[in-house]
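What the coordinates show
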Protein chains: 2
Amino acid sequence: MKPSLPSGTRDFSAEQVAKRRHIFNIIQSVFERYGYQPLETPVMENMSTLSGKYGEEGDRLLFRILNQGDFMKDFQPEANLKQKAAHLCKRGLRYDLTIPFARYVAMNHHQLVMPYKRYQIQPVWRGDSPQRGRYREFYQCDVDVVGSKSMLNEAELLQIYDEAFSELKIAVRLHLYNRKLLQALSEVLQKPEKLIELTVSIDKYDKIGWLGVAKELAEEGFAEQELQLVELYLSHNKGSNQEKMTFLSNFFGENASGREGLTEIANVFEFLEGVPFQNEIVLDISLARGLTYYTGCIFEVKAVNAQIGSLGGGGRYDNLTALFGLPNITGVGVSFGAERIYDVMQELNLFPETLQTGTEVLLASFDAFSLRYAVPLAKKLRAAGIRVEVFADESKIKRKFEYADRKKIPFVIVIGSDEMETGLLTVKDLNTGEQSKLNTEQIIKKLKKQAY
Amino acid sequence: MKPSLPSGTRDFSAEQVAKRRHIFNIIQSVFERYGYQPLETPVMENMSTLSGKYGEEGDRLLFRILNQGDFMKDFQPEANLKQKAAHLCKRGLRYDLTIPFARYVAMNHHQLVMPYKRYQIQPVWRGDSPQRGRYREFYQCDVDVVGSKSMLNEAELLQIYDEAFSELKIAVRLHLYNRKLLQALSEVLQKPEKLIELTVSIDKYDKIGWLGVAKELAEEGFAEQELQLVELYLSHNKGSNQEKMTFLSNFFGENASGREGLTEIANVFEFLEGVPFQNEIVLDISLARGLTYYTGCIFEVKAVNAQIGSLGGGGRYDNLTALFGLPNITGVGVSFGAERIYDVMQELNLFPETLQTGTEVLLASFDAFSLRYAVPLAKKLRAAGIRVEVFADESKIKRKFEYADRKKIPFVIVIGSDEMETGLLTVKDLNTGEQSKLNTEQIIKKLKKQAY
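Conventions and cut-offs
- Residues numbered from 1 in each chain as written.
- Chains lettered and ligands numbered in written order.
- Predicted model: local features only at pLDDT ≥ 70, side-chain atom pairs only at ≥ 80, totals over all residues.
- Heavy atoms only, no water.
- Buried < 20%, exposed > 50% of the residue type's maximum accessible area, 1.4 Å probe, protein only.
- Helix = DSSP H or I, 4+ residues; strand = E, 2+ residues; numbered from the N terminus.
- Contact = heavy atoms within 4.5 Å.
- Polar contact = N/O pair within 3.5 Å; in protein donor to acceptor, adjacent residues only side chain to side chain.
- pLDDT = per-residue confidence, 0-100.
- Least-squares fit on C-alpha atoms with pLDDT ≥ 70 in both.
- 1 Å grid on protein atoms, 1.4 Å probe; cavity = no way out; pocket = protein on both sides within 12 Å on 5 of 7 lines; lining within 4 Å.
- Points joined across faces, edges and corners; volume = space filled by probe spheres on them.
- Nonpolar A, V, L, I, M, F, W, Y, C, P; charged D, E, K, R; others polar.
- Pairing = 2+ DSSP bridges.
- Buried area = accessible area lost by both parts, 1.4 Å probe.
- Salt bridge = Lys/Arg side-chain N within 4 Å of Asp/Glu carboxyl O.
- Domains from an automatic or database assignment.
- Phe/Tyr/Trp six-rings, centres within 6.5 Å; stacked < 30°, edge-to-face > 60°.
- Lys NZ or Arg CZ within 6 Å of the ring centre and 35° of its normal.
- Disulfide = S-S within 2.5 Å.
- Axes fitted to C-alpha atoms, helices over the stretch in contact; angles between N-to-C directions.
- Left-handed = near helix turned anticlockwise from the far one by under 90°.

Here we take up helix H7 (residues 179–188) of chain B. Residues and elements named next belong to chain B. Of all the 10 residues making up H7, 7 are buried; the element is thus mostly covered by neighbouring parts of the structure. Listing the buried residues of H7 in full gives Arg 179, Lys 180, Leu 181, Leu 182, Ala 184, Leu 185 and Ser 186. Contacts made by the buried residues of H7 are with strand S7 (172–178), helix H8 (195–203), helix H10 (224–235), helix H11 (241–252), helix H12 (256–271) and strand S9 (294–303). With a side-chain oxygen lying 2.8 Å from the backbone nitrogen of Lys 180, the N-terminal cap of H7 falls on Asn 178. Immediately beyond the C-terminal end of H7, within one or two residues, lies Gln 190, with a positive phi of roughly 55 degrees.

In structure tokens form, the structure reads like this:
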């Protein structure tokens, strides 16, 4: 049989793993610098944890795991498809890292020290139809703090974005807004009951433009005068952050949600006064974020030099763990889009050249006897921290050099009877072609200096 | 609703993640020192890749993923359970790392440089009933080389075991044997057709003793005289490796499989002559290994100071990728039992004390104004590589010290109006109770010296 991979999934070769680790390591060390600590949750969650948390669409895209044993017991042939799925499957695959985090906090809040700061870098699964840059198995990198109301958390999350993208060498813009201002907008429009529709439409502003948004809102029953107000509002998404703040302050006047949202944003900026940033923070009036659970500041990261969707996003939520019986725990968090970050770094050639942790030197012996000589030599080199391969099979020396070449191993040490007699080994640098006769100590010194 | 975890799965807290990373990092760096490179495969595999590869038992324990869309289309109510499962599920969860590896080699052998050396550290899933030390989601750490016949690979895998367990500080015995000698035994007994039954019974020798083995073999039709021969054979599992080699050489005489197996073992020992080992290699006549695909040398690792099953095992296989249409690729590999290694290290208290990558210093400010002062200070400390938390919410200074205490943060810096005026900050060492007034540079020096 001809083997294949499930559609939307990937194998990662050594080179790809090295590049992915480079991204994760940078993000992780920034998280830890801010006092965030790792959490890992299982790939499987109970369907009772997952169902209904991601809307209709999410329920459709969830991967479900068939029950062990007699999964057909008490099966109802007349039930609908949804009920049948529920009967057949008690467990499913993790769909994001937010719900497992909320589930963990709800299960462990008695032991957790609050505020609880965690990060999580793990794969998730969604049954979307695969396309370029979209996979069914992909990684998320989330960082969240729960149990703290202070806008300092928002300010630090912006710093985390700034430092991580700087270290990854991706130039970005950090978009900031606040959901309370969307609430205020719906109130100014006297349509607070249409908050979600308003949010969802404005969220698409980037893609469908003002005409698209206007069309959607008209269909939702917004009158011409109201549309003009929304257009006025969105048209002020330009100038400095200070100019936008002034406009918004006038626009919302005494509206309580407006005041609150603007105070929160001002608070974040205050915390960051005098703090050096590599990337610009943009107050973005058109930022809305699709997810329903955000209630305060919201974030999105966009690459400056690449045509690609957002590289990350997040926001504050006030009642996430209530889903699992633990109300009134506020939290705020952001996510890094690891797959898109990888694609941007590939496109802009941003990966360092020396990422691989491949073999540094190949020992190539002339015959079975010199092969035995190679083993204790390799042990010595490895004890010095050098990554060594001994070419194990008998074959022509030329073939051994080809192997080193194809695997990009930078040095080859040839071992024959001369070498064993004198203890001086021929070290060949495959990049320069240079050859030198060295003893073991000299070889270690030479290779450690190269530090591949 | 009260949230819960699927039975047999676990969340890993920061402390557990740190300990698990400690194990994985050591194993990984030893693998890389020997020229092995990482591979990662998807959690999901096609059922056509998984089915029938792990025996009846394995098929039963596989986790299957319900098809997306209308999974009931063309459903046959009269089909049996197995057929129904096959209809409902095209994909399943990875059951081990060996079959995905074989699938990867078969799919990519044209591009792979042979011999291909890879390691893989990823979770796998089995629907076993959970019990102490046995989970449904657990990690495997595999290292394999395919495309090389040389016994040097076997010798290096023993070195890898030796170095990894030394660095983990677990004292072990490295058991070595060869499947060709079990083949030879079945031939000497004139029952080559009973090779598998013989292997499976001897594999249980440790657990069920000679009487148990004899009973099983008698049921398989072995006569009294043949049982005496097996008893004689197993009774020589003592003395030095050299004594055992001499006994086996006499026992098998001119039997071709016997000669071959003994030559392979001798070859491994020759390669290791003069190579220092921390742990003993034991030629183990009772070692058999359950899995059917082994054809040459086999390995098993046992802890010296803990009552626990094997901490690892593996062996040579001659035709694994033939399952996926690529015959005649020999390979050899071993696995580390990460979960048991964790349990042994917990039991014997072998984890280093300074594993955590938690916060090193907490900035505790007296009021909202000094909180703003803390942000650029934190930025400076972080730029120096120090892990810093700023306590974000307004609360009594006592509560901030309690937080540091509960989170085991070793230092607290107090910031009030005095401190902001003079630039001299009070640094308190929570372990010693010692306090000192220092400027930013002095703080960085002090904390870097501690290097938590």
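Past the structure itself, the notes keep going.
A few words now on the confidence of the model for chain A. This prediction gives chain A a mean pLDDT of 94; 99% of its residues lie at or above 70. Reported for the predicted complex are a pTM of 0.94 and an ipTM of 0.93.

This paragraph deals with the relation of the copies chain A and chain B. Turning chain A through 180 degrees and shifting it by 0.0 Å along the axis lays it on chain B, with an RMSD of 0.1 Å. Look at the turn and shift together and you get a two-fold axis relating the two. For chain A, the minimum C-alpha distance to the rotation axis belongs to Ile 65 of chain A and amounts to 2.2 Å. When the interface residues of chain A are mapped onto chain B, 100% of them again fall at the interface, so both copies present the same face.

In total, this model carries 2 cavities of 30 Å³ or more according to the counting rule given. For the largest cavity, the calculated volume is near 80 Å³. Mapped onto the lining of the largest cavity, the elements with two or more residues apiece are helix H6 (152–168) of chain A together with strand S13 (388–390) of chain B. Of the residues in the lining of the largest cavity, the class split is 7 nonpolar, 2 polar and 4 charged. Its boundaries defined by the atoms lining it, the second largest cavity holds a volume of some 60 Å³. In terms of lining, the second largest cavity is formed by Glu 389, Val 390, Phe 391, Ala 392, Asp 393 and Tyr 403 of chain A together with Pro 115, Lys 117, Ser 148 and Asn 153 of chain B.

Residues and elements named next belong to chain B. Counting buried positions along S9 yields 9 of 10 residues, so the element is predominantly enclosed. Alignment of S7 against S9, held across 7 bridges, turns out to be antiparallel. In the strand pairing of S9, Arg 173 is matched with Lys 302.

What follows concerns the interface of chain A and chain B. Taken together, the contact between chain A and chain B spans 106 residues of the former and 106 residues of the latter. The largest share of the area that chain A buries against chain B comes from Glu 40, Lys 379 and Arg 382 of chain A, three residues that together contribute 7% of it. Between Arg 382 of chain A and Glu 156 of chain B there is a salt bridge whose closest N-O contact spans 3.1 Å. In this structure, the connection of chain A to chain B is made through 36 residue pairs in polar contact (both at pLDDT 80 or more).

Its place among the elements puts Thr 49 of chain B in helix H2 (residues 47–50). For Thr 49 of chain B, a relative accessible area of 0% translates into the label buried. Setting aside anything within four residues of it in sequence, one finds Thr 49 of chain B in contact with Ser 4 of chain A together with Ile 99, Arg 103 and Phe 324 of chain B.

Moving on: the environment of Asp 11 of chain A. Mapped onto the fold, Asp 11 of chain A is located in the segment before helix H1 (14–33). The spatial distance from the C-alpha of Asp 11 of chain A to the C-alpha of Leu 152 of chain A is 40 Å, given a sequence separation of 141 residues. Once residues within four sequence positions are removed from consideration, Asp 11 of chain A is found in contact with Leu 5 and Gln 16 of chain A together with Glu 40, Thr 41, Pro 42, Arg 103 and Tyr 104 of chain B. A distance of 2.7 Å separates a polar atom in the side chain of Asp 11 of chain A from a polar atom in the side chain of Arg 103 of chain B.

Quick look at helix H13 (residues 338–347) of chain B now. Those residues of H13 of chain B that fall on the buried side of the exposure criterion are Ala 338, Glu 339, Ile 341, Tyr 342, Val 344 and Met 345 of chain B. Of the residues trailing H13 of chain B, Asn 349 of chain B is marked for its positive phi of about 60 degrees.

The subject of this paragraph is the domain arrangement of chain A. Much of the literature gives interface size as the accessible area that the parts lose upon coming together. Looking at the assigned domains, one finds that chain A contains domain 1 (14–38 + 105–347), domain 2 (44–93) and domain 3 (361–451). Each of domain 2 of chain A and domain 3 of chain A has a C-alpha centre, and these two points are 57 Å apart.

Every other side chain in a regular strand lies on the same face of the sheet, so the side chains alternate between the two faces. All names here are of chain B. Among the 10 residues that make up strand S5 (residues 116–125), 10 are buried, leaving the element largely enclosed by the rest of the structure. Of the strand pairs in this sheet, strand S1 (residues 37–38) and S5 are connected by 2 bridges, and their pairing is parallel. Across the sheet, Pro 38 pairs through a bridge with Tyr 119, a residue of S5. Pairing analysis gives 10 bridges linking S5 to strand S6 (residues 137–146), with the strands arranged antiparallel. From the neighbouring strand, Tyr 116 faces S6, where its bridge partner is Val 146.

Let us now look at the packing of aromatic side chains. All names here are of chain B. Across all of its chains, the model carries 35 aromatic pairs over all chains by this definition. For the ring pair Phe 165 and Phe 336, a centre distance of 5.4 Å and an interplane angle of 25 degrees mean the geometry is stacked. Here Phe 165 is found in helix H6 (residues 152–168), whereas its partner Phe 336 is found in strand S11 (residues 331–336), with 171 residues between them in sequence. Its relative accessible area of 1% is what places Phe 336 among the buried residues. Across from the ring centre of Tyr 135, 3.4 Å away, lies the NZ or CZ of Arg 10, which sits over that ring. The ring of Phe 12 has Arg 20 sitting right over it, with the charged end atom 3.9 Å from the ring centre.

Time to look at the state of the cysteines. Throughout this description, disulfide means a covalent bond between two cysteine sulfur atoms. Taken as a whole, this structure holds 0 disulfides over all chains when the rule is applied. A disulfide-free cysteine, Cys 89 of chain A has its sulfur positioned 6.7 Å from the sulfur of Cys 89 of chain B, the nearest such atom. Relative accessible area serves as the criterion here: at 2%, Cys 89 of chain A is assigned to the buried category.

A few words on the environment of Gly 147 of chain A. The residue Gly 147 of chain A is located in the loop between strand S6 (137–146) and H6 in this model. Separated by 141 residues in sequence, Gly 147 of chain A and Pro 6 of chain A place their C-alpha atoms 40 Å apart. Not counting residues within four places of it along the chain, the set of residues in contact with Gly 147 of chain A comprises Met 114, Pro 115, Ile 329 and Thr 330 of chain A together with Asp 393 of chain B.

On to the sheet that holds strand S16 (residues 435–438) of chain B. All names here are of chain B. The strand order S13-S12-S14-S15-S16 describes an open sheet built from 5 strands, whose pairing is mixed. Sheet topology places S13 and S16 at the edges, where each strand pairs with a single neighbour. Looking at each pair of strands side by side, their axes are set apart by 25 degrees on average, direction ignored. Taken together, the 4 bridges between strand S15 (residues 425–429) and S16 define a ladder with antiparallel strand orientation. By the bridge assignment, Leu 425 is partnered in S16 with Leu 438.

Moving on: the sheet that holds strand S12 (residues 361–365) of chain A. All names here are of chain A. Spatially, 5 strands are ordered S13-S12-S14-S15-S16 in an open sheet, and the strand pairing comes out mixed. The strands lining the two open edges of the sheet, one partner per strand, are strand S13 (388–390) and strand S16 (435–438). With strand direction ignored, the average angle separating the axes of adjacent strands in the sheet is 25 degrees. Most of the contacts of helix H15 (residues 397–406) go to S12, to which it runs at about 170 degrees, and overall it touches S12, S13, strand S14 (411–415) and strand S15 (425–429).

When two helices pack together, their arrangement is given by the angle between the helix axes and the distance between those axes. All names here are of chain B. One can describe the packing of helix H1 (residues 14–33) onto H13 by two numbers: an axis separation of 11 Å at closest approach and a directional angle of 115 degrees. The handedness of the crossing between H1 and H13 is right-handed. Residue-level contacts link Gln 16, Lys 19, Arg 20, His 22, Ile 23, Phe 24 and Ile 27 of H1 to Ala 338, Glu 339, Ile 341, Tyr 342, Met 345 and Gln 346 of H13. Along the lines of polarity and charge, the residues of the contact of H1 with H13 split into 7 nonpolar, 3 polar and 3 charged.

Bringing the pattern of salt bridges into the picture now. Evaluation of the coordinates by the stated rule reveals 60 salt bridges over all chains. One salt bridge connects Glu 156 of chain A with Lys 117 of chain A, and the closest N-O pair in it is separated by 3.9 Å. In this pair, Glu 156 of chain A sits in helix H6 while Lys 117 of chain A sits in strand S5 (residues 116–125), placing the two residues 39 residues apart along the sequence. Both residues of the pair, Glu 156 of chain A and Lys 117 of chain A, count as buried. One salt bridge connects Glu 339 of chain B with Arg 10 of chain B, and the closest N-O pair in it is separated by 3.0 Å. A residue pair is termed long-range when its members are at least 10 positions apart, and Glu 339 of chain B in helix H13 and Arg 10 of chain B in the segment before H1 qualify at 329 residues. The buried category is assigned to Glu 339 of chain B, whose relative accessible area is 7%.

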